[in-house]
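# Analysis of the macromolecular model
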Amino acid sequence: MGTLDKRAKIDDVFKSNALVDIRACNKPVIKSLFRGVRSSKFRHVYGSPSRREELYDNIPITRNAHDSNFCAANPKFVAIVTEVAGGGAFVVLPINKTGRLDLNTSKVTGHRGPVLDVKWNPFNDNIIASCSDDCTIKLWYIPDSGLSCNLNEWLIELRGHRRRVGYIEWHPTAENVLASSGFDYMVMLWDAGSGQILNTIDCHPDIVHSITFNRDGSRIATTCKDKKVRSIDPRSGLVVAEGICHEGSRSSKVIYLDNERLLTTGFSTYSDRQIAIWNHTNLSEPLQRVNVDSSSGILFPYYDYDTKMVYLAGKGDGNIRYYEIVNEPPYIHFLNQFISGCPQKGFGMMVKRGCSVSRCEIMRFYKLHTTRNVCEPISMIVPRKSDQYQHDLYPDTAAPVPALNAQEWFNGITKPPVLMSMRTGVSVKTHKPQAFVSNEATRNDTNYRMKYAFLSKETVPDYRPLDMLADNDKTQKTQVNQNTRFQQIQQKLSHSLVNKFTNMNDGEDEYNDMKENTNYDSPKNEYQMKKAFTRQCEELNMLRKQLAHRDRRIQDLEELVSTLQSQLKVQRLQ
């Protein structure tokens, strides 16, 4: 009996304390809060800083406070916006030209205002686009050997914004399609090959903070100073969805994770830094919102479509956080962070085809230091013991080949990016010739050759008396001026082709538009430009008068026809 009483007491204790009976085989109903470590092949990714000899040193990095990266990289070059006195400039360095930079290094110096953003063409490694405070966007051709002198000749200039242009973005699949956002609250789509505006999106009530395309370029997302994120159809300009992304008043950024999901970074009401995941068809509520920390630097997101990893780098911070994106809730998982004691001014992100496969490098950043004039490459590496090609780390990535041209895309065709394999282990580069040659370069070379030819001539002394010398020189100058003037008039008359009025079949004298096929030399100075402008204004006034005369003539003929018809009716009635 004593043994039975003890067992009964033990059972009562178990029941009173709501403990699980270890003698039973049933599983507990309440799940444990500890789920263990999440399995991921990117859990041990680490950042590898470069050695001193691999840095780009002595670069006068811009001190502009604009919220931009100020750096862009591709397998051939790295471009960095620099600080200059008056105008804007950026330096373009071959990717292997590391070490201390010479003070007299050649720069791209064609903008009249500070350069605010630079982006490399994804389908041509030799063409870079830049936007500036002078309200223009310019495209530049960089030779494979780099710049040998200051470059101030652009391929094409895009003018349309009324205020400074803050951000630019290339289309991921269509060739020569460029998106830009300015401080005039406009977003413009350009055909960079012809310089035409494909579409103007006017749906923002304030300054646009960021702009991004989705994977196939069928949608565009923006964040604005009114705290809203918008998903827009770039071809029609219609806003598909919009919503408040972050309550804070500071700048917010957005990137597309795929064709349907967005990631935004911003600030909460209490100035906490946040990241949020959205479905671009419903922007009223986020799929997930995560508080990062309470720092004050703006978070710049960078996304890798191949590894599904997001990198967050705060302006003024010294670390890089990286997360993994999944398709199930909570949609984002923190992996690790790269910590550095040097704060960053901006970041340039290398395209995947420029990463080193042999090192298991999945991403490379070019960090602009705030306190030093240094650009430091930072490699994100997955530790693997084998030196073989890692299939799981390197799926097929975007190739430097466009899927369609600008006109096809604008007409409604959508194609995914062309993919390529990275199994070769060699960074893939593009090599395309210069598509457009400006006349300015040829004209400058001609002027320099003429100057050098004049300076190389030997000066022959003239010992004639001053009276004879003065009279002879005056006569020669008069003859030269008369001959030159006569040749100019003769050239203009020979090149001007004007069609006079022609008679129509009905006997009436009708006006045939005057056609002028005049091949004037392009103006070389301000006076010639003003003269050409005045001549064009006179021609326009003459054409307006001729059009007015034609309209009056048409009106008179219509009145005459109506009068004849009325007379004919009267005669028939009589």
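Residues numbered from 1 in each chain as written. Predicted model: local features only at pLDDT ≥ 70, side-chain atom pairs only at ≥ 80, totals over all residues. Heavy atoms only, no water.

For clarity, the cut-off: UniProt positions are given in the numbering used here, feature names are shortened, and annotations may be inferred rather than shown by experiment.
Looking up the chain in an unreviewed UniProt entry gives the name Coronin, with the organism given as Sipha flava. In its Sequence similarities (unreviewed entry) section, the UniProt entry covering the chain states "Belongs to the WD repeat coronin family."

### Things to note about the pattern of salt bridges
Stated precisely, the cut-off is as follows: Here, a salt bridge means any Lys or Arg side-chain nitrogen found within 4 Å of an Asp or Glu carboxyl oxygen. Numbering of helices and strands runs from the N terminus, with a helix taken as a DSSP run of H or I at least four residues long and a strand as a DSSP run of E at least two residues long. Whether a residue is buried, partly exposed or exposed follows from its accessible area with a 1.4 Å probe, protein chains only, as a fraction of its type maximum: under 20%, in between, or over 50%, in that order.
Per the stated rule, a full pass over the model turns up 22 salt bridges. Residue Arg38 pairs with Glu324 through a salt bridge whose shortest N-O separation is 3.2 Å. Linking Arg38 in the loop between helix H1 (2–16) and strand S1 (46–49) with Glu324 in strand S26 (residues 319–325), this pair joins segments that are 286 residues apart in sequence. Using a relative accessible area of 31% as the deciding quantity, one classes Arg38 as partly exposed. By relative accessible area, which is 11% here, Glu324 ends up buried.

### Quick word on the sheet that holds strand S16 (residues 208–213)
To keep things clear, this is the line we draw: The criterion for strand pairing is that DSSP finds at least two bridges linking the strands in question. Only the stretch in contact is used when a helix axis is fitted, and all axes are lines through C-alpha atoms; the angle between N-to-C directions ranges over 0 to 180 degrees.
The antiparallel open sheet is built from four strands, whose spatial order is S16-S17-S18-S19. Both outer strands of the open sheet, S16 and strand S19 (239–244), are each paired with one neighbouring strand and no more. Strand-to-strand, the axes of this sheet are offset by a mean angle of 15°, without reference to chain direction. Across five bridges, strand S18 (residues 228–232) lies against S19 in antiparallel orientation. Its bridge partner being in S19, Ser231 is matched across the sheet by Ala241.

### With respect to the sheet that holds strand S10 (residues 136–141)
Strand order in this open sheet of four strands is S8-S9-S10-S11, and the pairing throughout is antiparallel. Edge strands, defined here as strands with exactly one partner in the open sheet, are strand S8 (115–120) and strand S11 (156–159). Here the strands of the sheet are splayed against their neighbours by 20° on average, with no regard to which way each runs. Sheet topology note: the strand S9 (residues 127–132)/S10 ladder contains five bridges and is antiparallel. Paired with Ala129 across the bridge in S10 is Leu139.

### Examining the nonpolar core
Selection criterion: Residues belong to a common nonpolar core when they are buried Ala, Val, Leu, Ile, Met, Phe, Trp, Tyr or Cys residues joined through side-chain atoms within 4.5 Å. What makes two residues a contact is simply this: any of their non-hydrogen atoms within 4.5 Å.
If you look at the biggest cluster of nonpolar residues, it comprises 30 residues, and the most contacted ones within it are Ile59, Val78, Ile80, Phe90, Ile142 and Tyr366. Contributions of two or more residues to this core are made by strand S3 (71–73), strand S4 (77–82), strand S5 (88–94), S8 and strand S29 (361–369). The element contributing the most residues to this core is S4, with five residues. Apart from the residues lying within four places of it in its own chain, the contact partners of Tyr366 are Tyr56, Cys71, Ala73, Val78, Ile95, Gly346, Phe347, Gly348, Met350, Cys375, Glu376 and Pro377. Of all hydrophobic cores here, the second largest spans 26 residues; its members include Ile298, Phe347, Met363 and Tyr389.

### What about the UniProt feature "repeat: WD" (unreviewed entry) in the chain?
Following the UniProt record, one finds the feature "repeat: WD" (unreviewed entry) at residues 108–140 and 158–200. Overall, residues 108–140 shows 0% helix and 64% strand. The separation of its end C-alpha atoms is 8 Å.

### So, the environment of Glu54
Topologically, Glu54 is positioned in the loop between S1 and strand S2 (56–57). With relative accessibility at 29%, the residue Glu54 sits in the partly exposed group. Remark: the alpha-carbon pair of Glu54 and Lys97, spanning 43 residues in sequence, is separated by 8.7 Å. With residues near it in sequence (within four places) discarded, Glu54 still touches Thr98 and Pro377.

### Examining the state of the cysteines
Formally: Counting rule for disulfides: a pair of cysteine sulfur atoms within 2.5 Å.
Under the criterion given, the structure shown has zero disulfides. We note that Cys375 lacks a disulfide partner, and the nearest cysteine sulfur, in Cys71, lies 4.7 Å from it.

### Regarding the packing of aromatic side chains
Note the following rule: Classification of ring pairs rests on two measures: the distance between centres of Phe, Tyr or Trp rings, Trp counted by its six-membered ring, which must be within 6.5 Å, and the angle between planes, read as stacked under 30 degrees, edge-to-face over 60 and tilted in between. Any Lys NZ or Arg CZ found within 6 Å of a ring centre and within 35 degrees of that ring's normal is scored as a charge over the ring.
Taken as a whole and assessed by the stated rule, the structure comprises twelve aromatic pairs. Pairing Tyr311 with Tyr322 gives two aromatic rings, centres 6.0 Å apart and planes at 45°, and the pair type is tilted. With Tyr311 in strand S25 (residues 309–314) and Tyr322 in strand S26, this pair connects stretches of sequence that are eleven residues apart. One cation-aromatic arrangement involves Arg164 over Phe183; the distance from NZ or CZ to the ring centre is 4.0 Å. Of note, Arg215 hangs over the ring of Tyr305, and the distance from its end group to the ring centre comes to 4.4 Å.

### Focus: unusual backbone geometry
Omega for the peptide link from Pro329 to Pro330 comes to 10°, which places this bond in the cis form. Tracing the chain through its elements places Pro330 in the loop between S26 and strand S27 (332–339). At Ser271, a position not held by glycine, the phi torsion is positive, near 65°. For Ser271, the position within the fold is in the loop between strand S21 (261–267) and strand S22 (273–279).

### Some remarks on the side chain of Ser68
Quick note on the threshold: Definition of a polar contact: a pair of N or O atoms within 3.5 Å, with one able to donate and the other able to accept a hydrogen when the atoms are protein atoms, and with sequence-neighbouring residues admitted only if both atoms are side-chain atoms.
Inspection of the secondary structure assignment puts Ser68 in the loop between S2 and S3. Only 3.4 Å separates the side chain of Ser68 from the side chain of Asp117, close enough to count as a polar contact. Discounting chain neighbours no more than four positions away, the residues touching Ser68 are Leu116, Asp117, Phe300 and Lys345.

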